[in-house]
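Letter by letter, the chains look like this.
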Protein chains: 2
Amino acid sequence: MTHQRTVPAELPSCPVETTLTLIGNKWVVLVLRDLADGALRFSQLQRSIGGISQKVLTQQLRAMEANGLVTRTVYAEVPPRVEYALTELGHSLKPVLDAMREWGEGYKKHVAG
Amino acid sequence: MTHQRTVPAELPSCPVETTLTLIGNKWVVLVLRDLADGALRFSQLQRSIGGISQKVLTQQLRAMEANGLVTRTVYAEVPPRVEYALTELGHSLKPVLDAMREWGEGYKKHVAG
DNA sequence: TCCAATAGTTTCTTGAAGGTTGCTACAGCA
DNA sequence: TGCTGTAGCAACCTTCAAGAAACTATTGGA
């Protein structure tokens, strides 16, 4: 079994820190961003994130599945098809993603301006 | 010169990713959280974050200063006093922090319930 | 005279994160 | 007959982040 960074049994008292235990990783945020509009299969996800290796994407998806952020659906076809989708918990992070997107837009204007 | 994780010259096209280049690090988020209510000196910050070494806190603060998120004010006293405070840019991240805090609160209730 | 206190820096070491390559299963198709 | 494509796993290696511990400057005060 490889390392799976799942949430600790005892959550931090600070809610901001609690959130960080689930989405304190860059890749996790990008997966959430790309699955927000609907399910994607593994290779689509890898392409849309860009610059992530197969191994790391697999690791992150496994951890996210263990944390209840995504579901993994395997279709018994050849070649195999595996789809990842956000759970309700995963979708519930939308406000955080939206705040990050909005801030990023403002920052880019600020820098460009 | 040690590694300073400053924002790259060319920002990612995705605004979410842009935000991650500035606050994609757990420690940075915790510093923002603790300076939100006002300036703190180095040792206060280290205590309030908890579990961060002197070296790492120094590194993070230097990077945040280079990125324009915090200011560093040295008072010519003995023993020395150094205060860190959020810049306007640092304060502008409040909505992101708030979204994280709110989500963390909901998540804790969800887990506890 | 020497200690305390602050905010570091420096060096050494460990652990985690990530990259690369090779391997697998198996139906369909040329 | 052998090639293609998907979604991995395993092993190996490199790089980077982080931790620990020792060291520094300064000077008022015991």
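Nothing here was measured: the structure is a model prediction, and the numbers come from that model.

About the thresholds
- Residues numbered from 1 in each chain as written.
- Chains lettered and ligands numbered in written order.
- Predicted model: local features only at pLDDT ≥ 70, side-chain atom pairs only at ≥ 80, totals over all residues.
- Heavy atoms only, no water.
- UniProt positions renumbered as here; feature names shortened; annotations may be inferred.
- Helix = DSSP H or I, 4+ residues; strand = E, 2+ residues; numbered from the N terminus.
- Buried < 20%, exposed > 50% of the residue type's maximum accessible area, 1.4 Å probe, protein only.
- Contact = heavy atoms within 4.5 Å.
- Pairing = 2+ DSSP bridges.
- Axes fitted to C-alpha atoms, helices over the stretch in contact; angles between N-to-C directions.
- Near = heavy atom within 4 Å.
- Polar contact = N/O pair within 3.5 Å; in protein donor to acceptor, adjacent residues only side chain to side chain.
- Nonpolar A, V, L, I, M, F, W, Y, C, P; charged D, E, K, R; others polar.

A.B. asks: Break down the UniProt feature "domain: HTH hxlR-type" (unreviewed entry) in chain A for me, with residues and values.
C.D. replies: Within the UniProt annotation, "domain: HTH hxlR-type" (unreviewed entry) is assigned to residues 14–112 of chain A. For the annotated span residues 14–112 of chain A, helix accounts for 64% and strand for 14% of the residues, and the straight-line distance between the end C-alpha atoms is 35 Å.

A.B. asks: Please set out the environment of Leu-45 of chain A residue by residue, giving values where relevant.
C.D. replies: Residues and elements named next belong to chain A. Relative to the elements of secondary structure, Leu-45 occurs in helix α3 (residues 42–49). Judged by relative accessible area, which is 0%, Leu-45 ranks as buried. For the pair Leu-45 and Leu-69, spaced 24 residues apart in sequence, the C-alpha separation works out to 15 Å. Setting aside its immediate chain neighbours within four residues, Leu-45 contacts Val-31, Asp-34, Leu-35, Leu-40, Leu-57, Leu-61 and Tyr-84.

A.B. asks: Can you break down the sheet that holds strand β3 (residues 81–86) of chain A residue by residue, with the values?
C.D. replies: All names here are of chain A. Overall, antiparallel pairing links the 3 strands, which are arranged β1-β3-β2 in an open sheet. Since the sheet does not close on itself, it has two edges, and those belong to β1 (40–41) and β2 (70–75), each with one partner. As judged from the 6 bridges shared by β2 and β3, these two strands associate in the antiparallel manner. Bridged to Thr-73 within β3 is Glu-83. Contacts from helix α4 (residues 54–66) reach β2 and β3 within the one sheet, and its direction differs from that of β2 by about 115°.

A.B. asks: Tell me about the protein's contact with DNA strand C, residues and numbers included.
C.D. replies: Around DNA strand C, the structure places 22 residues, and the nearest of them are Arg-5 and Lys-55 of chain A together with Gln-54, Arg-72 and Tyr-84 of chain B. A share of 60% of the atoms of DNA strand C within 4 Å of the protein falls on sugar and phosphate groups. One nitrogen or oxygen atom from the side chain of Lys-55 of chain A is found 2.5 Å from a base oxygen belonging to DNA strand C. Residue Arg-62 of chain B places a side-chain N or O atom 3.3 Å away from a phosphate oxygen belonging to DNA strand C. Secondary structure elements with two or more residues in the surface near DNA strand C: α4 of chain A together with α3 (42–49), α4 (54–66) and β3 (81–86) of chain B. Its residues assigned to classes, the surface near DNA strand C comprises 8 nonpolar, 7 polar and 7 charged.

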